[in-house]
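Chain residues, written in single-letter form:
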Amino acid sequence: MRTTELVDGFRHSAPYVNAHRGKTFVVMLGGEALAHSQFRGILNDVALLHSLGIEVVLVYGARPQIDAGLKAAGIEPVYHNGIRITDEDSLKIIKQVAGATQFDITARLSMSLGNTPMQNAQINVVSGNFVIAQPLGVDDGVDFCLSGKVRRIDAQGLRRQLDNNGIVLMGPIAASVTGESFNLTAEEVATQVAIKLKADKIIGFSDTNGLIDKNGEVIAELMPDDIEEMLKTMSEDDHTSVGKMAFLRASVEACRRGVPRCHLVSYLDDGALLQELFSREGIGTQIVTQSAERLRRATIGDIGGILNLIRPLEEQGILVRRSREQLEMEIEQFMLVERDNLVIGCAALYPFEEDNAGEFACLVVHPDYRDADRGSILLNNIIGQARVRGYSRLFALTTRSIHWFLEHGFSIVDVEELPNMKKQLYNYQRRSKILALDL
């Protein structure tokens, strides 16, 4: 019986092993998880992910350990809006705690014990100055001192280490361009790293296997909007939920900026990470965006959504103003990215049949969703339509996005290369750059 269970489990996990190989996961371990007895098992499982060909960035926090260190030094932890205020004396303790934690994690990932995923493993654990920080500054008259936020991520440096088969280990301390050290939240570091690396997943840990509904059942999947509603009812006074809430807020931002899935599993259950990733049902909660979005052709009922999307750019002079009546006549030319019944992106293909060409126009993506390359998705769809129609060239006019078009294969051309009808309508005062893509 035991042999059958082993074989069945191995067979059922194989598709997930193949699906995850070569993907990039950001694993975030909060201080609560680090303090638990399952900590060693979690690191063993992280090592196993690495051995299966998954690229891993491991970000650690140490909130409870830092609080304990500060109290032992006679320093009372001070927070404002849930963020630690870090003075110079506090930062000395935080550096000590974070440094000790980094060495502990590195040591455990360097083990070669038998009967564990670490047996005969040669894992290169890499840490470095991949994050550049800046101060949070002053909020509501409160100076955060040496508490900081992410200014820049060295994505190329991270990618080189991952390509060299290393596990990148990152903590909550980062340097600024002036050489100062700042205390960051692990959740922000994990989020920004995942966004810049275009990671496939962020995985976090809490004291429960994901989020629990009123019946005590795990909620398997949620959208960012659902998470925001739940956060309104969660209490930050509950110390055990502080890390969970921070991770959930980070997941909302990550999903909206291009990370397809964020997972929340329990650090109390042995093997929860593996069950979540390599079983059909999973064990925790996923925060996802993919199932909430779709690319489709616009209809007359989308006029209001398109107007809401493009009006701010029209008012800034970035887009030429379109009336509702004009949009109604041109609506069949538009493609949309829709999420939760909200238009978050649009673009149009205007035909110039006599010149065997089309115009790629009115590309707009909502500011909250610009990091998931939705503009490229819309462009590729329009290029496909143009090719189906047999067009030989696609052109676009822009005043602000010249480099974006150049990066996508367009070339700057002269007004004389525009289709005749478009040439007659060209606004010389606006002086839009003209770009063309040969199909």
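Residues numbered from 1 in each chain as written. Predicted model: local features only at pLDDT ≥ 70, side-chain atom pairs only at ≥ 80, totals over all residues. Heavy atoms only, no water.

**Student:** Hey, could you run me through the nonpolar core in this one?
**Tutor:** One broad trend across soluble globular proteins is that nonpolar side chains are buried collectively. If you look at the biggest cluster of nonpolar residues, it comprises 43 residues, and the most contacted ones within it are Val26, Val57, Val59, Met170 and Val193. Beyond its immediate chain neighbours, meaning those up to four positions away, Met170 contacts Val57, Leu58, Val59, Tyr60, Phe130, Val131, Leu158, Val189 and Val193. Counting 32 residues, the second largest nonpolar core, distinct from the first, contains Phe39, Ile167, Ile203 and Val265. (Core = buried A, V, L, I, M, F, W, Y, C linked by side-chain atoms within 4.5 Å. Buried < 20%, exposed > 50% of the residue type's maximum accessible area, 1.4 Å probe, protein only. Contact = heavy atoms within 4.5 Å.)

**Student:** Help me understand the pattern of salt bridges in this model?
**Tutor:** Opposite charge on two side chains allows them to pair when their charged atoms are near. Taken as a whole, this structure holds 17 salt bridges when the rule is applied. The partner of Glu55 in a salt bridge is Arg159, and the shortest N-O contact between them spans 2.5 Å. Here Glu55 is found in strand E2 (residues 55-60), whereas its partner Arg159 is found in helix H6 (residues 155-163), with 104 residues between them in sequence. Overall, the relative accessible area of 24% leaves Arg159 in the partly exposed class. Notably, a salt bridge pairs Asp302 with Arg296, separated by 2.7 Å at the nearest N-O pair. (Salt bridge = Lys/Arg side-chain N within 4 Å of Asp/Glu carboxyl O. Helix = DSSP H or I, 4+ residues; strand = E, 2+ residues; numbered from the N terminus.)

**Student:** In this structure, what is going on with unusual backbone geometry? I would like to understand it.
**Tutor:** Most peptide bonds adopt trans geometry, and most residues besides glycine take a negative phi value. Positive phi, normally seen in glycine, also occurs at Asn356, with a value near 55°. Relative to the assigned elements, Asn356 resides in the loop between strand E19 (342-352) and strand E20 (357-365). Phi at Cys362 is positive, roughly 55°, even though this residue is not glycine. Structurally, the position occupied by Cys362 is in strand E20.

**Student:** I tried to follow the sheet that holds strand E12 (residues 181-183) on my own but got confused; where do I start?
**Tutor:** Strands belonging to one sheet form pairs held by backbone hydrogen bonds; the direction of such a pair is parallel or antiparallel. If you trace the 4 strands from one edge of the open sheet to the other, you get E9-E6-E11-E12, paired in mixed fashion. Lying at the two open borders of the sheet, with one neighbouring strand each, are strand E9 (148-153) and E12. Between one strand axis and the next, the sheet turns through 50° on average, direction left out of account. Pairing between strand E6 (residues 131-135) and E9: 5 bridges, direction antiparallel. Bridge pairing in E9 places Ile132 opposite Arg152. Lying over the sheet, helix H7 (residues 186-197) contacts E6 and E9, oriented at roughly 20° with respect to E9. (Pairing = 2+ DSSP bridges. Axes fitted to C-alpha atoms, helices over the stretch in contact; angles between N-to-C directions.)

In short, shape yes, function no, at least from these values alone.
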